[in-house]
Each structure stands twice: as C-alpha cells, then as structure tokens.
Amino acid sequence: MTNSSPIIAAGVSAITIADLWVGYGQAPVLRDLSLNLAAGRSLGIAGPNGSGKSTLFKAILGLIPPSRGEIAILGRRLAAERDRAWVRRQVGYVPQQLFPGRLPVSVLDAVLMGRWGKTFGFFKHPGAADRSAARQALLEVGLVGHERSDCRSLSGGEQQKVAIARALVRDASILLLDEPTTYLDQRSKADLVAMIERLRHQRRLTVVTVSHDAGHLREITDVILRLRDGRLEEMP
Ligand SMILES: Nc1ncnc2c1ncn2[C@@H]1O[C@H](COP(=O)(O)OP(=O)(O)OP(=O)(O)O)[C@@H](O)[C@H]1O
C-alpha cells in the first residue's frame, strides 16, 4: 500500500486507507482518499451534509467495496480478509440514533444484538459468554439496573450509551461514531464525551467521530481532519 496519509503517528496502525475511491455508480463520493490512524488515537472528521462521512464509515465497515484503493484494519487488508467475522468484531459502529430506539426491545436485548447483528433472536440464543459480555458492557456505560427497560423509555443520552455498549459487547477495538451527540442537551453531551474518553483509555480503543460541527470535534478529539472534495485534509 502506498501511504500519503494526513496522520503520521508511531505505533500500530488501526486504520490504513490508501488511494481510496468509493461511489454509488455515478460520480465517486470519495476520491483518492488516504489515512493512517494509529491505534489508540481519537480522530474527528468534519464535513458538511453529503460530503461522504457515512460513505467513509460504510467503506471501513466493508459494506461498500471500493472501486480503487485499499483499506486495512490493524494491518489486515479488507479486500483479502477471509474472516469477515473478525472484521465485524473489530469495528463497532455507533449511529446518530439508536436502532432499535423506537422498537419495543429491552436494553439487554439491544446490547446482545451487538454480538451477532440482525440474526440475533431468530437463529441464535445468547450463551453465558454473551450475557457476561453484555453485563460487562452495561457496567462500563453505567446502565446496570436498566437491563429490562424498554429502549423507548430511555433518554437520548442513555440510548447512545446502549449503542456504545452494543459496540463494546463485540470487543471492538475501533469505534466509529456518527454525530454521537447531535440530539443531546449540553449536560448529556459532556457526560457522553467523558464516557467515551474513559472507555478509550480503559479499553485502548481507536475512536473516529464524524460531524458537521468542526468546533465540537475540536473539543472532543485529539486531531481533526476535514472531508472535502472526497478527500481528507488538514483543517486550515
Ligand atoms: N445508497 C446510496 N446510493 C446512492 N447515493 C448515495 C447513497 N448513500 C449516499 N449517497 C450519496 O453520496 C453522497 C455522500 O453521502 P453521505 O451520506 O456519505 O454523506 P454524509 O457526509 O454522511 O452526509 P450527512 O451528514 O447528511 O449524513 C451524497 O451525495 C449522497 O446522496
């Protein structure tokens, strides 16, 4: 892989992207995008609506194949990786709003879904290891005692904590956060940001947060890049 990345940092690379082109058929959304993110860092990516932030996450999650270029997670190239389950375990995605935030699902079941994704409940039943990982994740996000609560009854901040617990329960080493605090009030925002920082240090996570709000990203991440014209560049 070539490396014209905007972040050069010592240590193991959590995410390496080289000359990536991704689109949906017509004009590419990401064009010649490169990145080298060291493990344990917290990166913010700023960009307006439609700039391609979600597309970048989908590519890192292996959901959209690139038309050119490569992505490696912890040194393993996605395109060549046969162990898809390994990729799914490594990268935890936290959406803007919790799914199933509007469905009658308990907190415990929402977190357990993180173990297998959508097949949970239909084809599999949680074992002792699954329940223990879910309990541990709920402890770390401060939601012990809410296991039986209906997700719909939770506050926005609590729903985000469920979404983070669902990523932790797979033992993900990389967290992708999509505008995690958009729908939260100031206090819940500060609470969530402090929790993510604590988890990053305790679990040695690599965290990537995307937002249209560069000012907010500056407050919560180590380093911030801008997504512009399909590429990542230093903020001016
Ligand atoms: N499934 C899709 N099919 C076709 N085009 C898509 C698809 N998803 C996104 N796009 C287009 O790709 C471009 C980038 O979209 P993307 O959702 O990645 O941007 P974003 O920065 O995440 O936006 P937002 O901040 O609104 O979430 C947009 O022009 C969008 O219309």
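Residues numbered from 1 in each chain as written. Predicted model: local features only at pLDDT ≥ 70, side-chain atom pairs only at ≥ 80, totals over all residues. Heavy atoms only, no water.

Some words on the sheet that holds strand β2 (residues 28-38)
Thinking step 1. The strand order across the open sheet built from four strands is β2-β1-β4-β5, with neighbouring strands paired in antiparallel fashion. Looking along the sheet, the strands with just one partner apiece sit at the ends: β2 and β5 (76-77).
Thinking step 2. Pairing between strand β1 (residues 13-23) and strand β4 (residues 68-73): five bridges, direction antiparallel. Paired with A18 across the bridge in β4 is E70.
Thinking step 3. On top of the sheet, helix α1 (residues 53-60) reaches β1, β2 and β4; it is set at about 115° to β1, its chief contact. (Pairing = 2+ DSSP bridges. Helix = DSSP H or I, 4+ residues; strand = E, 2+ residues; numbered from the N terminus. Contact = heavy atoms within 4.5 Å. Axes fitted to C-alpha atoms, helices over the stretch in contact; angles between N-to-C directions.)

Examining the nonpolar core
Thinking step 1. Among the nonpolar cores identified, the biggest contains 32 residues, and V111, L138, V141, V162, I164, L168 and L199 are the most heavily contacted of them.
Thinking step 2. Counting only elements with at least two residues in this core, the list comes to α3 (107-116), α4 (128-140), α5 (156-168), β7 (174-178) and α6 (186-203).
Thinking step 3. If you look at the next biggest cluster of nonpolar residues, it comprises 30 residues, including A59, L78, V208 and L232. (Core = buried A, V, L, I, M, F, W, Y, C linked by side-chain atoms within 4.5 Å. Buried < 20%, exposed > 50% of the residue type's maximum accessible area, 1.4 Å probe, protein only.)

Topic: the site of the ligand
Thinking step 1. The environment of the ligand is formed by Y24, V29, P48, N49, G50, S51, G52, K53, S54, T55 and K58.
Thinking step 2. Residue S51 places a main-chain N or O atom 3.1 Å away from an oxygen atom belonging to the ligand.
Thinking step 3. In the model, an oxygen atom of the ligand is placed 2.7 Å from a nitrogen or oxygen of the S54 side chain.
Thinking step 4. For the ligand, whose accessible area on its own is 630 Å², the fraction buried by protein is 57%.
Thinking step 5. It is α1 that provides the largest number of residues to the shell around the ligand, a total of four residues. (Near = heavy atom within 4 Å. Polar contact = N/O pair within 3.5 Å; in protein donor to acceptor, adjacent residues only side chain to side chain. Areas by Shrake-Rupley, 256 points an atom, 1.4 Å probe, with all protein chains shown as cover.)

Examining the pairing of β1
Thinking step 1. Of all 11 residues that make up β1, eight are buried, and the element is covered over most of its length.
Thinking step 2. Judged from the seven bridges that link them, β1 and β2 form a sheet pairing that is antiparallel. Directly across from V22, in β2, lies its bridge partner L30.
Thinking step 3. Between β1 and β2, which pair antiparallel in sequence order, lie four residues; one of them, G25, sits at a positive phi of approximately 115°.

Overview of α5
Thinking step 1. Along its 13 residues, α5 runs 19 Å from first to last C-alpha, staying within 8% of the 18 Å computed at 1.5 Å per residue.
Thinking step 2. Burial of α5 is extensive: 11 of the 13 residues sit out of reach of the surface.
Thinking step 3. For α5, the set of buried residues is G157, Q159, Q160, K161, V162, A163, I164, A165, R166, A167 and L168. (Expected span 1.5 Å × (residues − 1).)

Observations concerning the pattern of salt bridges
Thinking step 1. For the structure on display, the rule yields 12 salt bridges.
Thinking step 2. The network of salt bridges with common partners includes R41, E197, R200 and D222. (Salt bridge = Lys/Arg side-chain N within 4 Å of Asp/Glu carboxyl O.)

Digging into the packing of aromatic side chains
Thinking step 1. Applying the stated criterion across every chain yields a total of one aromatic pair.
Thinking step 2. Measuring from centroid to centroid gives 6.1 Å for F57 and Y93, while their planes differ by 80°, and the two rings are edge-to-face. Residue F57 is located in helix α1, and its partner Y93 is located in strand β6 (residues 91-94); the two are separated by 36 residues in the primary sequence.
Thinking step 3. Under the relative-accessibility criterion, F57 is labelled buried at 1%.
Thinking step 4. A cation over an aromatic ring shows up here: R68 above the ring of W21, its NZ or CZ 4.3 Å from the ring centre.
Thinking step 5. In this arrangement the basic side chain of R76 is found over the ring face of W86, its NZ or CZ atom lying 3.8 Å from the centre. (Phe/Tyr/Trp six-rings, centres within 6.5 Å; stacked < 30°, edge-to-face > 60°. Lys NZ or Arg CZ within 6 Å of the ring centre and 35° of its normal.)

Thoughts on the pairing of β4
Taken residue by residue, a regular strand's side chains alternate between the two faces of the sheet.
Thinking step 1. Pairing of β4 with β5 involves two bridges; the strand directions are antiparallel. Note on β5: the bridge partner recorded for A72 is R77.
Thinking step 2. Linking two consecutive strands that pair antiparallel, namely β4 and β5, is a turn of two residues; a positive phi of about 45° is found at L74 within it.

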